[in-house]
Structure formats: C-alpha cells, structure tokens
Amino acid sequence: MSANSAILSAAELASELSGPRPPVLLDVRWQLGGPDQRPAYEAGHLPGAVYIDLDRELAGPPGSGGRHPLPDPEAFGAVMRRAGVTSETPVVVYDGGQGWAAARAWWLLRWTGHPDVRVLDGGLAAWTEAGGGVTADRVTPAEGDFKPTPGALGLLDADGAAARARAGVLLDARAGERYRGEVEPIDPVGGHIPGALSAPTTENVGPDGRFLPAGALRARFAGLGAAAGAPVGVYCGSGVSGAHEVLALEVAGIAADLYAGSWSEWSSDPARPVATGPDPE
C-alpha cells in the first residue's frame, strides 16, 4: 500500500460507494470510559455500515496483557466475517471523528493480512459535513470469507518495546502530562518506558480531526528521529491511540511496529523500570 492509501476523504468514499466495487463499511464509534456507542450507530450510520464494538470485538479480556489486549485471531476473524469482510473486497473503517477506534480496526485487519483497508479521514463528522447521508436501517450483510493470518504488520511485546527504545525509536502516543508522569488517570503508575520519546497522537491531526498533510507528518516524525528505514515502535495507554499513531506514520510513508499491550501492560509489572519527567531517561 502506498502512504496515503491508508486513509481516504469523504468525497473519495462517496465516489467508491457509487462505483462498481464498493467497500465494506465498518462503524467503530467508541468513547474511552464512556457509554456503549451502539445506540448512536442505530440512530444513524453510513448506509451499509456494520457496527463493531471495540471493547468486545477488537480486544480480548483485560488483564495482565493490558486494558485492550489483542483479540484472539480466530474470534476476530469470525467478527469480521459476520460483518461481511472478504479477502478480496476493500474495507473502509470510520468512527465518530477522533480516529483512534477506526485506526485500531485498521491495524488489526492489516496485521491479520487484509490487503486493502482504509480509514475515513475525519470520521462520521467529515462524512456529514460533506453532505453525506446517514440511515437508521438495519444492516444484515452476507457472510464474508476473511481468514486472519497474523503477522503482516510489526508487533512488539514489552521486551521488544524496551529494546526498540534503545536501538531505534520508540514513540509514546499519550498526552505529554501522562508521559511525564504528572498525572495518571487510569494505570497503576505514571511515567514512560525509559528511552521513549513523547509524541502525542493528538498532534498528528488538525482541529477538524483530520490528519495533517503527509509532508507535515514526515517533518514531525523526522524531528523525533523517526524516518523511513528507521526501526520505529509506538505505544500508548492500551494500544488504541497508538494504532492511530502507526496510521499517521503510514500516511507519512514510515513503517512502525505497535506495542499493543502498551503502558497498561508495562506498568502492571512493578519490576519494569519507569522514567518520569520530560527527558526520555
């Protein structure tokens, strides 16, 4: 996939939906710590879109592997097949506009081998702002045939993330105050993986929630030492916003591996070192 093929605009999506090979649409609206978004989906979604629940279908049960560990691949494959995903049909994922949940679905589909997955840049808000319609119609897609084959994208465990911070670039996609350890609203301890660099994912998008131009993203990441060809890893709180940063890097033309367990896994083990303050160490 070329860099910018990872995302598409509302206008591009509208054109594809009216074309000869419309993509499968997945609605992955999600709110961290908030209510289930299925009622919002049922009240209005893109025509043909199937709702996917991030907490239940794009993650396994929380535990030692973090708050949003990767789902069992076979269970994930069954969810995607029920949503109508096939190996040969393009998939477009959207959420309410933040992009984190859509990126999580994008990453999982790419990691498990789907060759053509994109995120609607700006999400549902961009669609409606462009004049796109929504519907409350019930969607019952034909069963898909997608069979996941994990490993198509790079995945780090805790030891791999620690090593990447020493021999490469490890980006922390959380808010700066959580990286510095000034606040920690969710996990057992604040701070960051020693050697990691602060790179809040919120700085990859503009006020409208859409990604910055590829050139601007490349410049941002180059300033952090993350350029094409460099070994780059990303983590966040639980592997959701980190997937969004991997997507931003993809838009910039830079491959990156995801530490899916992220800080929620790292900080659950008191034996793992923790750095605080603005400096990586």
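Being a predicted model, the structure only gives us computed values, none of them experimental.

Trainee: Help me out: how do you make sense of the packing of helix α5 (residues 100–111) against helix α10 (residues 241–251) in this one?
Mentor: For the pair α5 and α10, the least separation of the axes is 7 Å and the interaxial angle reads 70°. By the angle between their directions, the pair α5 and α10 is classed as roughly perpendicular. Residues Trp100, Ala103, Arg104, Trp106, Trp107 and Arg110 of α5 touch α10, and the partners they reach there are Ser241, Ala243, His244, Val246, Leu247 and Glu250. Here the contact of α5 with α10 is built from residues that sort into 7 nonpolar, 2 polar and 3 charged.

Trainee: What's the story with the sheet that holds strand β2 (residues 24–27) in this structure? I'm lost.
Mentor: What links the strands of a sheet is backbone hydrogen bonding, and the strands pair in either a parallel or an antiparallel sense. What the 5 strands build is an open sheet, ordered β1-β5-β4-β2-β3; its pairing is parallel. Bordering the open sheet on either side are β1 (7–8) and β3 (50–51), each of which pairs with just one other strand. The pairing of β2 with β3 spans 2 bridges and is parallel. The partner of Asp27 across the bridge, within β3, is Tyr51.

Trainee: Would you mind showing me how to read the packing of aromatic side chains here?
Mentor: Where two aromatic rings form a pair, the distance of their centres and the angle of their planes describe that pair. Within the structure shown, the criterion is met by 3 aromatic pairs. Relative to Trp111, the ring of Trp107 has its centre 5.4 Å away and its plane inclined at 15°; by these criteria the two rings are stacked. Here Trp111 and Trp107 lie together in helix α5, a separation of 4 residues that amounts to about one turn. Ring geometry for Tyr235 and Tyr259: centres 6.4 Å apart, planes at 55°, overall tilted. In this pair, Tyr235 is assigned in strand β9 (residues 232–235) and Tyr259 in strand β10 (residues 257–259), connecting sequence segments 24 residues apart. Judged by relative accessible area, which is 0%, Tyr235 ranks as buried. The cationic tip of Arg272 hangs over the ring face of Trp266; the distance from NZ or CZ to the ring centre is 5.7 Å.

Trainee: What is the right way to read the sheet that holds strand β8 (residues 197–198) from this model?
Mentor: Here 5 strands make up an open sheet; going across it, the order is β6-β10-β9-β7-β8 and the pairing parallel. The sheet is open, and its two borders are formed by β6 (155–156) and β8, each paired with just one other strand. Looking at chain direction, β6 and β10 are connected through 2 bridges and run parallel. Paired with Leu156 across the two strands is Tyr259, which belongs to β10. In the packing of α10 onto the sheet, the strands contacted are β7 (169–172), β9 and β10, and the crossing angle to β9 comes to about 150°.

Conventions used here
Residues numbered from 1 in each chain as written. Predicted model: local features only at pLDDT ≥ 70, side-chain atom pairs only at ≥ 80, totals over all residues. Heavy atoms only, no water. Axes fitted to C-alpha atoms, helices over the stretch in contact; angles between N-to-C directions. Helix = DSSP H or I, 4+ residues; strand = E, 2+ residues; numbered from the N terminus. Parallel < 35°, antiparallel > 145°, perpendicular 65-115°, else oblique. Contact = heavy atoms within 4.5 Å. Nonpolar A, V, L, I, M, F, W, Y, C, P; charged D, E, K, R; others polar. Pairing = 2+ DSSP bridges. Phe/Tyr/Trp six-rings, centres within 6.5 Å; stacked < 30°, edge-to-face > 60°. Buried < 20%, exposed > 50% of the residue type's maximum accessible area, 1.4 Å probe, protein only. Lys NZ or Arg CZ within 6 Å of the ring centre and 35° of its normal.

These figures capture arrangement, not role.
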